[in-house]
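A closer look at the structure
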Amino acid sequence: MTNPPPPGDWNDPTWSAQPSSTPPDPTLVAGQPVPAQPGPVDPYAPVDPYAGAQLPPGAPVPGYPPPGYPAPGYAPPGYPPQYPGYGYPPAAKTNGLAIASLVLALVGLASCGITAPIGAILGHVAQKQIRTNGEDGEGLAKAGIIVGWIVTALMVLGIAAYVAVIIFAVTTGASSDSGY
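What you are looking at is a predicted structure, and each value in this text was computed from that prediction instead of being measured.

What counts as what
- Residues numbered from 1 in each chain as written.
- Predicted model: local features only at pLDDT ≥ 70, side-chain atom pairs only at ≥ 80, totals over all residues.
- Heavy atoms only, no water.
- Salt bridge = Lys/Arg side-chain N within 4 Å of Asp/Glu carboxyl O.
- Helix = DSSP H or I, 4+ residues; strand = E, 2+ residues; numbered from the N terminus.
- Axes fitted to C-alpha atoms, helices over the stretch in contact; angles between N-to-C directions.
- Parallel < 35°, antiparallel > 145°, perpendicular 65-115°, else oblique.
- Left-handed = near helix turned anticlockwise from the far one by under 90°.
- Contact = heavy atoms within 4.5 Å.
- Nonpolar A, V, L, I, M, F, W, Y, C, P; charged D, E, K, R; others polar.

Here the focus is the pattern of salt bridges. By the definition in use, this model includes one salt bridge. In this structure, Lys93 engages Glu135 in a salt bridge whose closest nitrogen and oxygen atoms are separated by 4.0 Å. On the criterion of sequence distance, the pair formed by Lys93 in the loop between strand S2 (32–33) and helix H1 (96–110) and Glu135 in the loop between helix H2 (116–133) and helix H3 (138–175) is long-range, its members being 42 residues apart.

Structure (structure tokens):
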């Protein structure tokens, strides 16, 4: 059993064609001609009556962002305030004389104190330069001074002890001379 054709001039493409009828014209929809070129498309017209107005992809939203605000994803200039990053501040230049002072003072330990007084004096010069130039290395200069003067003092005591032993040996050897 088949259904009767719908009333009016409406052609249903799913309707089985009768052998005596002409095929439906593809340029007609509901009996009206289809325009060759579509007119201007309203981008805000609803596609689904229950979905509401849909913007085409990439279209700007009217009234957004509010005036005076940047586009989304971009901060306004100067916001947030640019603070320096975390971590250590950039290192200042280390005074070369402070390094040389400590090195010469420590070499004085191995060389029996020959370079230690030079290291101590360079430490004093380095401290003065550090105060005037604002360089780093104050601890190195102070260590050079301390180690240099301690090694120098030990060197002076060692020389004094050596001289005392020689004098003692000479004086005691002269009194017990057997006449050779």
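What follows deals with the packing of H1 against H2. For the pair H1 and H2, interaxial distance at closest approach is 7 Å and the crossing angle is 160°. If you check the angle between H1 and H2, you find them roughly antiparallel. Between H1 and H2 lies a crossing whose hand is left-handed. On the side of H1, the interface is formed by Leu97, Ala98, Ala100, Ser101, Leu104, Ala105 and Gly108, while H2 contributes Ala116, Ile118, Gly119, Leu122, Gly123, Val125, Ala126, Gln129 and Ile130. Each residue belonging to the contact of H1 with H2 can be placed in one class, and the counts come to eleven nonpolar, five polar and no charged.

These figures come from the coordinates and say nothing about function on their own.
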